[in-house]
Amino acid sequence: MFSRFPFLTALCVGLIAGAGYPFVDLGLACRAPASEACVWGKAYFPLTLGISVVLIGGAVTALLYAVLIWRRRRQSRDDAA
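Values in this document were obtained by computation on a predicted structure and should not be read as measured data. (Residues numbered from 1 in each chain as written. Predicted model: local features only at pLDDT ≥ 70, side-chain atom pairs only at ≥ 80, totals over all residues. Heavy atoms only, no water.)

**Concerning the overall build of the chain**
At step 1: A tally of regular secondary structure across the chain gives three helices and zero strands.
At step 2: Here the C-alpha atoms of the chain give a radius of gyration of 18 Å, more than 25% beyond the 12 Å that 2.2 N^0.38 yields for 81 residues.
At step 3: Taken along its principal axes, the extent of the C-alpha atoms in the chain is 65 × 20 × 15 Å.
At step 4: Looking at the chain residue by residue over its 81 residues, the buried ones come to 19%.
At step 5: Residue pairs in contact within the chain that sit at least 24 positions apart in sequence constitute 71% of those at least 6 positions apart. (Helix = DSSP H or I, 4+ residues; strand = E, 2+ residues; numbered from the N terminus. Rg over C-alpha atoms; globule rule 2.2 N^0.38 Å. Buried < 20%, exposed > 50% of the residue type's maximum accessible area, 1.4 Å probe, protein only. Contact = heavy atoms within 4.5 Å.)

In structure tokens:
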């Protein structure tokens, strides 16, 4: 599956990474629920989620797509030789 649809695979992993990061960050900040980090984290969560999906998800998608394409080209050269 990974070699057939490299962009779709990279996009799914990027979305999961981008959307998952704010949850992990908030979970770590809210180990002490009354802390200032937890209060501000909850207040800015929607903004953080939107920015994280675009920035982190985009970076992960681009990097993983490049790696998958590179591996596909390398495998096709090895099969041809």
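Text resumes after the structure shown.
**Observations concerning the state of the cysteines**
At step 1: Tallied over the entire structure, the rule returns one disulfide.
At step 2: Disulfide partner of cysteine 30: cysteine 38, at an S-S distance of 2.1 Å. Its torsion about the S-S bond being 95°, the disulfide of cysteine 30 and cysteine 38 is classed as right-handed. Comparing cysteine 30 with cysteine 38 shows no difference in burial state: the two are buried. (Disulfide = S-S within 2.5 Å.)

**Describing helix 1 (residues 6-29)**
At step 1: Between the first and last C-alpha of helix 1 there are 34 Å, a value that for 24 residues agrees with the 34 Å anticipated at 1.5 Å per step.
At step 2: When the local axis directions of helix 1 are compared, the greatest deviation, roughly 30°, occurs at glycine 20, which is followed within four positions by the proline proline 22.
At step 3: Here helix 1 has its buried residues at Pro6, Thr9, Ala10, Gly14, Gly18, Pro22 and Leu26. (Expected span 1.5 Å × (residues − 1). Bend = angle between axes of the 7 residues up to and from the residue.)

**Here's the deal with the side chain of serine 52**
At step 1: Structurally, serine 52 is set in helix 3 (residues 45-80).
At step 2: Residue contacts for serine 52: discarding those within four places in its chain leaves Gly18, Tyr21, Pro22 and Gly57.

**Examining the side chain of threonine 9**
At step 1: Looking at where threonine 9 falls in the secondary structure, it is placed in helix 1.
At step 2: The class for threonine 9 is buried, based on a relative accessible area of 8%.
At step 3: A distance of 2.9 Å separates a polar atom in the side chain of threonine 9 from the backbone oxygen of phenylalanine 5. (Polar contact = N/O pair within 3.5 Å; in protein donor to acceptor, adjacent residues only side chain to side chain.)

**Here's the deal with the environment of glycine 14**
At step 1: Its location among the elements puts glycine 14 in helix 1.
At step 2: With a relative accessible area of 1%, glycine 14 lands in the buried category.
At step 3: When the C-alpha positions of glycine 14 and alanine 37 are compared, they lie 26 Å apart, and in sequence the two are 23 residues distant.
At step 4: In this view, glycine 14 contacts Gly57, Val60 and Thr61; residues no more than four positions away in its chain are not counted.

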